[in-house]
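Working through the structure, step by step
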Amino acid sequence: MADILLTHSYHLFYDRKQVRKMQPYPPLGTLYAAALLRQHGFSVAVFDSMLQNPEDGFRAALASHQPRIVAIYEDNFNFLTKMCLSRMREVAFGMIDAARLSGATVVVNGPDASDHIEEYLRRGSHYVLLGEAEWTLLELIRGLFGQSPQRLAQIPGVTFFQPELGRLLRTPSRPLLRDLDALSLPGRDLINHHAYRDAWKARHGFFSLNLVASRGCPYRCNWCARPIYGDSFHLRSAEGVAKEMRELKETYGADHLWFTDDVFGLQHGWISALADAVERHAAKIPFKVQTRVNLITRETAAALRRAGCTEVWMGVESGSQKVLDAMDKGASVAQAVSAREHLWNQGIRACFFLQFGYPGETWEDIQQTVDLVRQTKPDDIGVSVSYPLPGTKFHERVKDELGEKQNWVDSDDLAIMFRAAYTDEFYRALRDALHAEVNAWSTQPRLPGSDNDASVESHPSASSIAELWSAIVRMEKTCRNPQPTFAPPKRSHVLREEVGYRCS
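Residues numbered from 1 in each chain as written. Predicted model: local features only at pLDDT ≥ 70, side-chain atom pairs only at ≥ 80, totals over all residues. Heavy atoms only, no water.

A look at the pattern of salt bridges
The test is simple: What makes a salt bridge here is a side-chain nitrogen of Lys or Arg within 4 Å of a carboxyl oxygen of Asp or Glu, nothing more. For helices the rule is a DSSP run of H or I covering at least 4 residues; for strands it is a run of E covering at least 2, with both sets numbered from the N terminus onward. Any residue under 20% of the maximum accessible area for its type is buried, any over 50% is exposed, and the rest in between are partly exposed; the area is computed with a 1.4 Å probe on protein chains only.
Counted by the stated rule, this structure contains 30 salt bridges. The partner of Asp412 in a salt bridge is Arg431, with the nearest N and O atoms 3.6 Å apart. On the criterion of sequence distance, the pair formed by Asp412 in the loop between helix H16 (393-398) and helix H17 (424-441) and Arg431 in helix H17 is long-range, its members being 19 residues apart. Its relative accessible area of 12% is what places Arg431 among the buried residues. A salt bridge links Asp413 to Arg428, with the shortest nitrogen-to-oxygen separation between them at 4.0 Å. In this pair, Asp413 is assigned in the loop between H16 and H17 and Arg428 in helix H17, connecting sequence segments 15 residues apart. In this structure Arg428 comes out as partly exposed when scored by relative accessible area, which is 30%. Each member of the salt-bridge network shares a partner with another, and the members are Arg20, Asp412, Arg431 and Asp432.

What about the packing of H17 against helix H18 (residues 462-478)?
Here is the rule: Here the axes come from fitting lines to C-alpha atoms, over the contacting stretch only for helices, and the angles between their N-to-C directions go from 0 to 180 degrees. Any angle that falls under 35 degrees is termed roughly parallel, while one over 145 is termed roughly antiparallel, one within 65 to 115 roughly perpendicular, and all others oblique. Less than a right angle of anticlockwise turn of the near helix away from the far helix marks a crossing as left-handed, whereas a clockwise turn marks it as right-handed. Whether two residues are in contact is decided by their heavy atoms: any pair within 4.5 Å suffices. Basically, the charged four are Asp, Glu, Lys and Arg, the nonpolar ten are Ala, Val, Leu, Ile, Met, Phe, Trp, Tyr, Cys and Pro, and anything else, Gly included, counts as polar.
Remark: H17 packs on H18, axes separated minimally by 9 Å, with the N-to-C direction vectors making an angle of 155°. The orientation of H17 with respect to H18, classified from their angle, is roughly antiparallel. Judged by the sense of rotation from one axis to the other, the crossing of H17 with H18 is left-handed. Contacts between H17 and H18 involve Glu425, Phe426, Ala429, Leu430, Asp432, Ala433, Leu434, Ala436, Glu437 and Ala440 from the first element and Ile465, Leu468, Trp469, Ile472, Met475 and Glu476 from the second. Grouping the amino acids of the contact of H17 with H18 by side-chain chemistry returns 12 nonpolar, no polar and 4 charged.

Observations concerning the sheet that holds strand S3 (residues 69-73)
Paired through backbone hydrogen bonds, the strands of a sheet run either parallel or antiparallel to each other. For clarity, the cut-off: A pair of strands counts as paired when DSSP detects no fewer than two bridges linking them.
One open sheet holds the 7 strands; their spatial order is S2-S1-S3-S4-S5-S6-S7, and the pairing between them is mixed. Of all the strands in the sheet, the pair left with one neighbour each is strand S2 (44-47) and strand S7 (167-170). Each adjacent strand pair in this sheet contributes to an overall mean axis angle of 20°, direction not counted. Of the pairings in the sheet, the one linking strand S6 (residues 158-162) to S7 comprises 4 bridges and is antiparallel in character. By the bridge assignment for S7, Phe161 is matched with Leu168.

Okay, here's the thing in structure tokens:
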């Protein structure tokens, strides 16, 4: 039995693309919250829905632990959670129903709940927590258990209905935690790591685990939703991160690590400090990160290699400077080329996130992106289409064009939900052609986290690639939207000399 049962609503087997990839990671955010509650004397259990049936498994957990409080505390470090997939919302609502039937008080936190507060409350949640919520959850639970005289309405970051007043109460925001080292490490012992290890070993032959070195991102790309950490950025000590790396390697048997940070290596000196700490603690283990092209310098790439980094995913987005400026990306095409070269020189795999369909993107802009991929030859790519999420400037621009469907069902949906230049069919064909071309020159085995679609042929022939591109040229004429949304002209956010690169 436990005072509090924590869970999350992401279930891998409801996500077609992720089943094909089979690269599951534990819910870090949920485990951070569990560790803090346990540290303060509460009896805590975790139902991890990543690899378990969320309906049957959650009901069994409720019967076993008989918790007074259920917290559906999402893993806010998981990009799949940040996408607010509608299938996972259904899972959350099912958990709320089951928890209410068991007599538990229900607390919810996560990006989707932040965007749909009233809907989650109407569906049965007693409280929705906003922002960075570990300490909010602790204070709320203390109040619910009568351990604190603090009135619930005075706890920062809480939203709930006040039936007696007939209104929704939203308390002031909670200041973000600046000292991340003050938090205990995630309560990894509360979940079944054998299931993760078995899944990784069976599909990939090795075992990867996740950790996080920072929270937030200070950049302001206008399509990026950040309901939890806003545009803040706080960083753990390099010493603490290196010690956790060693623990994951020695205690949990990890062969590889994924840093889930929104932007890794924002402070160049910190990466060098991490490399020093990794060497000092004998913590070296292969890992991958995601970051920005403007942060990869010659010195940064060398420090990453020394720390153990083997793969870097970068938000390249487009080969068109016009599109990057419209996105408020604050980076240049030239910087993507330089970053690729710096990583190549260090033997680090360079992988590009690409985004098509942004308002104002034309056929010429798409061709520039394709040319960039061909020139730089990234080791892997992840292809998506522009996805409007609440709270972004991009969403504000296109919200009147959105229909009943305002979220993807799963991460393989790839649906355009506003008036882009082309149809879904066109962008899906473009994705497949680009993946096929990258697969043709990529000879190294896929590392953990590869976004390459497993349905694409591993090493397609030149003739099959040519056929894919011929089809796209034909579709460019037949799949055009006659009235697409256009982006207003933007002034470049990068120095003119940085924009010198132009695809041939």
